[in-house]
Amino acid sequence: MRDRRISAAAGRMLGLRKLRPGQREALRSLVKRRDALVVMPTGGGKSAVYQVAAAVLGGPAVVVSPLVSLQRDQAQGLRAAGVPAHTLNAATGAEDRARALAALGGDAVAFVFMAPEQLVRPDVRDVLRAAPPKLVAVDEAHCISAWGHSFRPDYLRLGAVIDALPRRPVVVALTATAAPPVRAEIVERLRLRDPVEIVRGFDRPELRLSVRAFHRAADQRAAVLAAARELDGPGIVYAATRKDTAWYAEQLESAGLYHAGLRRGERDRVQQEFMTGKTRIMVATTAFGMGIDKPDVRFVLHARVPDSLDSYYQEIGRAGRDGDPAETICFYRAEDLALPRFFTGGLPAADTLTAICDTVAQGPIGRRDLADRTGISPQRLTALLDLLQEAGAVRSHQRIEPAPDAPAPADAVEQALDLAERRRSVERTRIEMMRRYCELDDCRGRFLLRYFGEARDRPCGHCDICLHGRAEHHADNTAFPMGSRVRHREWGGGVIVGGADDRVTVLFDEAGYKELFVRAVLDRDLLARE
Ligand code: ADP
Ligand code: MG
């Protein structure tokens, strides 16, 4: 019965003939009014989940999303299908605002897209209190996690806003970032209630995963060039620095060149030329790719190994969107993962944090003024404010001000330093996981899936190791199932994120990723199930 209503709504509203397994699973829970955390890769179809859910639940939905451009695209798509949809942001005119608020306060199915700060505006809050929506969808929910690279402190308020509503809506959080600590943070900070967690669709059988190892940088460079020239079709070469991108682009005549140092107009032009097929190869830093949806990218080469599997997966994921085979090759030199390269900045100094707290304590202050008064560069200031905000010392809306119930400045600074240190140690272990991936002599696809929390025991069949017939069949070990909580005597609490047969990989809350031998663990009773 419920299934039929779900399918009917998907067909009627979005014209979808068939839901994907992860979508169906999520919808079954949501229409029973149970919260959900939906983790699916980009392109996996996360929008349909909250859209169909709202249709079946039969009322207005708030959709929180970080970027005005994303909000606008989604709303336009729905309106084109005849579904009422509005956006609320700082630039929305009075008339449109009134229309959006009327839809939000009404009974009919309607979608109102907004950034988190809109939710605390008095006019929005009044409407929400008088008539709570049926559904709140938090898109790009990893923005709530200080772990990720797109932390948005505004997202931190969402849990409290939702809890304060007189009738609690169903809440669905959606993201493509599956690393277990990010998932845990989303659930905790949004205060999801007994949510189902659905992690689906990370396997991309059309991507051939390979790693080639080198000792000499010159050989590595030559191999990248040779591969880019030999492979067919449009492709992307990711290089580490602007200087490297320039070098590769020059060697590969007629390749496009993209990095964050280019002017906006220039970036748009090269991107357009790649999208339309005018240039075949794009040489780029990681700045290239957000929101790029070119279906026929046939290869992604990494001239230098990235600093985490999270970034790596996202970058290779831009190949083969049309479902046809694509090559992804990582050109690996162990030296490229040398730690100092990633940690030249060091930890923030206590004095610097104290100076920020002291200045903010004198009254609300804008970012620019705060930077001037403390002599900290705006970029560095943003990172430090994030830390202080997470430590509960300051809060930042239009201006920066002391948080209500802030701990004493000395305590806040200490907490912020702890956080910074913890994050750095986790960051190091992420690099170690990237290294492990490159040096594997066992199925890479399975390693990747397990890293993202999708269990599997068969080899993937589409990595270089599998294709050379070297991957072994590993059953997940039963002593420590994926996703279970454990406690280690020295390293404290953690989650099982991988491992096979003789090894188990644990992501510890404080100490980051560690790989342990099951035999030693069992013999010495190192891990207890929680
Ligand atoms: P995500 O937000 O997960 O990155 P989207 O929700 O933007 O992905 O969906 C990506 C594309 O997949 C859209 O073009 C959408 O229409 C399509 N899509 C979603 N669900 C289905 C489905 N069940 N069947 C076919 N196409 C689908
Ligand atoms: Mg999306």
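Residues numbered from 1 in each chain as written. Chains lettered and ligands numbered in written order. Predicted model: local features only at pLDDT ≥ 70, side-chain atom pairs only at ≥ 80, totals over all residues. Heavy atoms only, no water.

By the naming in an unreviewed UniProt entry, the protein is ATP-dependent DNA helicase RecQ, taken from Actinomadura craniellae. As stated in UniProt under Catalytic activity (unreviewed entry), the record for the protein gives "Couples ATP hydrolysis with the unwinding of duplex DNA by translocating in the 3'-5' direction." What UniProt records for the protein under Sequence similarities (unreviewed entry) is the sentence "Belongs to the helicase family. RecQ subfamily." (UniProt positions renumbered as here; feature names shortened; annotations may be inferred.)

A. The overall build of the protein, seen in detail. Within the protein, the secondary structure is distributed over 19 helices and 20 strands. Scaling as 2.2 N^0.38, a compact globule of 530 residues should have a C-alpha radius of gyration of about 24 Å, and the protein matches this with 24 Å. On the principal axes, the C-alpha backbone points of the protein span a range of 65 × 60 × 60 Å. Residue pairs at least 24 apart in sequence account for 69% of intrachain contacts in the protein once pairs closer than 6 positions are excluded. Entry remark: accessible area of the protein is about 24,300 Å², with carbon and sulfur atoms responsible for 48%. When the 78 positive and 70 negative side-chain charges of the protein are each reduced to one mean point, those points stand 4 Å apart. (Helix = DSSP H or I, 4+ residues; strand = E, 2+ residues; numbered from the N terminus. Rg over C-alpha atoms; globule rule 2.2 N^0.38 Å. Contact = heavy atoms within 4.5 Å. Areas by Shrake-Rupley, 256 points an atom, 1.4 Å probe, with all protein chains shown as cover. Lys, Arg positive; Asp, Glu negative; His and termini not counted. Charge placed at Lys NZ, Arg CZ, Asp CG, Glu CD.)

B. Spotlight on the sheet that holds strand E12 (residues 299–302). Here we have six strands laid out as an open sheet, ordered E8-E13-E12-E9-E11-E10, and parallel in their pairing. In the strand order of this sheet, the two ends are held by strand E8 (207–213) and strand E10 (256–258), each with one partner. The mean angle between the axes of side-by-side strands here comes to 15°, regardless of whether they run parallel or antiparallel. (Pairing = 2+ DSSP bridges. Axes fitted to C-alpha atoms, helices over the stretch in contact; angles between N-to-C directions.)

C. The site of ligand 1, seen in detail. Ligand 1 sits among Leu16, Lys18, Leu19, Arg20, Gln23, Pro41, Thr42, Gly43, Gly44, Gly45, Lys46 and Ser47. In this structure, a nitrogen atom belonging to ligand 1 sits 3.3 Å away from a side-chain N or O atom of Arg20. Split by residue class, the shell around ligand 1 holds three nonpolar, six polar and three charged. (Near = heavy atom within 4 Å. Polar contact = N/O pair within 3.5 Å; in protein donor to acceptor, adjacent residues only side chain to side chain. Nonpolar A, V, L, I, M, F, W, Y, C, P; charged D, E, K, R; others polar.)

D. Broad picture of the packing of aromatic side chains. Evaluated as defined, the whole model comprises ten aromatic pairs. Note on Phe202 and Tyr313: the rings are 5.6 Å apart at their centroids and 45° apart in plane angle, and the pair reads as tilted. Separated by 111 residues along the polypeptide, Phe202 in the loop between strand E7 (196–199) and E8 and Tyr313 in helix H12 (residues 309–316) bring together distant segments of the chain. The residues Phe202 and Tyr313 share a single accessibility class, namely buried. A ring pair is formed by Trp491 and Phe508, whose centres lie 5.5 Å apart and whose planes are at 55°; its orientation type is tilted. Residue Trp491 is located in the loop between strand E16 (485–488) and strand E17 (492–500), and its partner Phe508 is located in strand E18 (residues 503–508); the two are separated by 17 residues in the primary sequence. With relative accessibility at 25%, the residue Trp491 sits in the partly exposed group. Here the aromatic cluster, defined as three or more aromatic residues joined through ring pairs, consists of Tyr50, Phe111 and Phe113. In this structure, Lys294 packs its charged tip against the face of Phe274, placed 5.4 Å from the ring centre. It is Arg444 that lies over the ring of Tyr437; its NZ or CZ is 5.8 Å from the centre. (Phe/Tyr/Trp six-rings, centres within 6.5 Å; stacked < 30°, edge-to-face > 60°. Buried < 20%, exposed > 50% of the residue type's maximum accessible area, 1.4 Å probe, protein only. Lys NZ or Arg CZ within 6 Å of the ring centre and 35° of its normal.)

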